[in-house]
Amino acid sequence: MGKLIGVAISPHPPIIMEDIGGGREKEAEKTIKGLREIAAFIEAGVRNRDSLLDKHINERRDIYDLKKRTENIYVALARAAVEEWVQKGKYLDWEAFMDIILPREALEDLEKKRAGTFVSIHNNGHLRGCIGTTMATMENLAEEIIHNAVKAASEDPRFYPVRSNELEDLEIKVDGLGEIEAISAIQDLDVKKYGVVVESKGRRGLLLPDLEGVDTPQQQVDIAKEKAGISKGEEVNLYRFEVIRYE
C-alpha cells in the first residue's frame, strides 16, 4: 500500500487519497469534482454579493446626484464648499463656481448681498457640525456661506471633521440671519419664528429658531446659555433675530 499524501474534505464522506496506482483513482476524481463544485458555488456567491453591493452603491450615488441637481442654490454652494474642503483641503473658488449658477437672480444675491449665515450639517439625522456668523464678515453672501460651511465641516469642537465617506449622506441647511434686535423679556420670543442671542459679561450664546426638540422660549434661552458657559440662574441680555432657511 502506498503512503498517505493528504486529506480532502468535500460533500462526500472524507476520503484518504493514496498514491496513483493504489486502486482508488475514481474515488479521488469524484472528490476533486466535488471540490470544484464547491469552489464554483463559492465563486458564484461572491459574484452575487459583489453585484448586490455595486447595485447598492449605484443607487446611493443616483440619489445623491439627484439631490445635488434639485437642491436650493444656497445649499448647493455650501455642499460644494464642504466637498472641496474634505476632498482637496482647500476653499471653493467662488468665481469659478458662479459660472454654473442658474437662475441669475440667485447669483446677484450671492454676489452683492452681505449677511451673517449659519451652516448646519447632519448625517442621517445626527448633527455633524453647525457654525456661523451673526453678522457679515466676508465681502459677499457667497463667501460667507463657503467659509462657514468649511468651518462647520472641520472646526466644530463637538465633532471630528467630516470624512469623505460621509459626503453622500450629508444633509445641509443654510440660515441667512436677519437683523438682531434687543428684547426686554423672554415673552418676546417665539421658538418657531425667532432665534435667540444671550449675552453676559462678554460671553455670548446663540440658538437658531425652529429646531427639533426645542419647544419653549425657556428651553431656547437655557440652551443658548449653556453654549455660552452662562449658568441658568444668571441674568443675561436677550436679543432675537429671524432667519431665511434654505434646505
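Anyway, here's the lowdown on the structure attached to this text. The structure displayed is predicted, hence computed values, not measured ones. (Residues numbered from 1 in each chain as written. Predicted model: local features only at pLDDT ≥ 70, side-chain atom pairs only at ≥ 80, totals over all residues. Heavy atoms only, no water.)

### Re the sheet that holds strand S5 (residues 170-177)
Part 1: The 4 strands lie next to each other as S4-S3-S5-S10, forming an open sheet whose pairing is antiparallel. At either end of the open sheet lies a strand with only one pairing partner, and these are strand S4 (126-132) and strand S10 (243-246). Here the average twist between neighbouring strands, direction ignored, is 20 degrees.
Part 2: Pairing of strand S3 (residues 117-123) with S4 involves 6 bridges; the strand directions are antiparallel. Directly across from Ser 120, in S4, lies its bridge partner Cys 130.
Part 3: Packed on one face of the sheet, helix H2 (residues 73-88) meets S3, S5 and S10 and runs near 120 degrees to S5.
Part 4: Against the sheet, helix H5 (residues 141-154) makes contact with S3, S4 and S5, and its axis sits at roughly 40 degrees relative to S3, the strand it touches most. (Pairing = 2+ DSSP bridges. Helix = DSSP H or I, 4+ residues; strand = E, 2+ residues; numbered from the N terminus. Axes fitted to C-alpha atoms, helices over the stretch in contact; angles between N-to-C directions. Contact = heavy atoms within 4.5 Å.)

### Some remarks on unusual backbone geometry
Part 1: In this structure, Lys 201 is a non-glycine residue whose phi angle is positive, near 55 degrees.
Part 2: Mapped onto the elements of the fold, Lys 201 is located in the loop between strand S7 (195-200) and strand S8 (203-207).
Part 3: The exposure class assigned to Lys 201 is exposed, which follows from its relative accessible area of 75%.
Part 4: The backbone phi angle of Asp 210 is positive, close to 55 degrees, even though this residue is not glycine.
Part 5: The class of Asp 210 is partly exposed, set by a relative accessible area of 38%. (Buried < 20%, exposed > 50% of the residue type's maximum accessible area, 1.4 Å probe, protein only.)

### Observations concerning the packing of H2 against H5
Part 1: For the pair H2 and H5, interaxial distance at closest approach is 8 Å and the crossing angle is 50 degrees. As far as their axial angle goes, H5 and H2 are oblique. Here H2 runs over H5; the crossing is right-handed. Facing Tyr 74, Leu 77, Ala 78, Ala 81, Val 82 and Trp 85 of H2, the residues of H5 in contact are Leu 141, Ala 142, Ile 145, Ile 146, Ala 149, Val 150, Ala 153 and Ser 154.
Part 2: Its residues assigned to classes, the contact of H2 with H5 shows 13 nonpolar, 1 polar and no charged. (Parallel < 35°, antiparallel > 145°, perpendicular 65-115°, else oblique. Left-handed = near helix turned anticlockwise from the far one by under 90°. Nonpolar A, V, L, I, M, F, W, Y, C, P; charged D, E, K, R; others polar.)

### A short note on a nonpolar patch on the surface
Part 1: A grouping of Leu 35, Ile 38, Phe 41, Ile 42 and Val 46 is seen on the molecular surface, where their side chains present a nonpolar patch of about 450 Å² in accessible area.
Part 2: Position of Phe 41 relative to the elements: it lies in helix H1 (residues 25-70). (Patch = residues over 30% accessible without salt bridge, like charges linked within 9 Å, V, L, I, M, F, W, Y side chains within 5 Å. Areas by Shrake-Rupley, 256 points an atom, 1.4 Å probe, with all protein chains shown as cover. Salt bridge = Lys/Arg side-chain N within 4 Å of Asp/Glu carboxyl O.)

### Looking at the nonpolar core
Part 1: If you look at the biggest cluster of nonpolar residues, it comprises 33 residues, and the most contacted ones within it are Leu 77, Val 82, Trp 94, Leu 110, Val 119, Ile 121 and Ile 145.
Part 2: At the level of secondary structure, the elements contributing two or more residues to this core comprise H2, helix H3 (94-97), helix H4 (104-112), S3, H5 and S5.
Part 3: Sequence-distant contacts of Ile 121, defined by excluding residues within four places in its chain, comprise Val 82, His 126, Leu 127, Arg 128, Gly 129, Ala 149, Ala 152, Ala 153, Leu 170, Glu 171 and Ile 172.
Part 4: Judged by nonpolar contacts, the second largest core, of 13 residues, contains Leu 189, Val 214, Ala 228 and Val 236. (Core = buried A, V, L, I, M, F, W, Y, C linked by side-chain atoms within 4.5 Å.)

### Some thoughts on the packing of aromatic side chains
Part 1: Summed over the entire model, instances satisfying the criterion amount to 2 aromatic pairs.
Part 2: For the ring pair Tyr 74 and Tyr 246, a centre distance of 4.1 Å and an interplane angle of 25 degrees mean the geometry is stacked. With Tyr 74 in helix H2 and Tyr 246 in strand S10, the pair connects residues that are 172 residues apart, well separated along the chain. In terms of burial, Tyr 74 and Tyr 246 fall into one category: buried.
Part 3: Seen in terms of ring centroids, Trp 85 and Tyr 91 are 5.2 Å apart; in terms of plane orientation they differ by 55 degrees. Their pairing is tilted.
Part 4: One cation-aromatic arrangement involves Arg 204 over Tyr 239; the distance from NZ or CZ to the ring centre is 5.9 Å.
Part 5: Of note, Arg 240 hangs over the ring of Tyr 194, and the distance from its end group to the ring centre comes to 4.1 Å. (Phe/Tyr/Trp six-rings, centres within 6.5 Å; stacked < 30°, edge-to-face > 60°. Lys NZ or Arg CZ within 6 Å of the ring centre and 35° of its normal.)

### Structural notes on the pattern of salt bridges
Part 1: A full pass over the atoms with the stated rule returns 12 salt bridges.
Part 2: The shortest N-O distance in the salt bridge between Lys 113 and Asp 109 comes to 3.6 Å.
Part 3: With a relative accessible area of 48%, Lys 113 lands in the partly exposed category.
Part 4: Glu 247 is the partner of Lys 173 in a salt bridge, and the nearest nitrogen-oxygen pair spans 3.7 Å. Of this pair, Lys 173 sits in strand S5 while Glu 247 sits in the segment after S10, placing them 74 residues apart in sequence.
Part 5: By relative accessible area, Lys 173 is classed as partly exposed at 30%.
Part 6: Via salt bridges that share partners, Arg 128, Arg 163 and Glu 166 belong to a single interconnected network.

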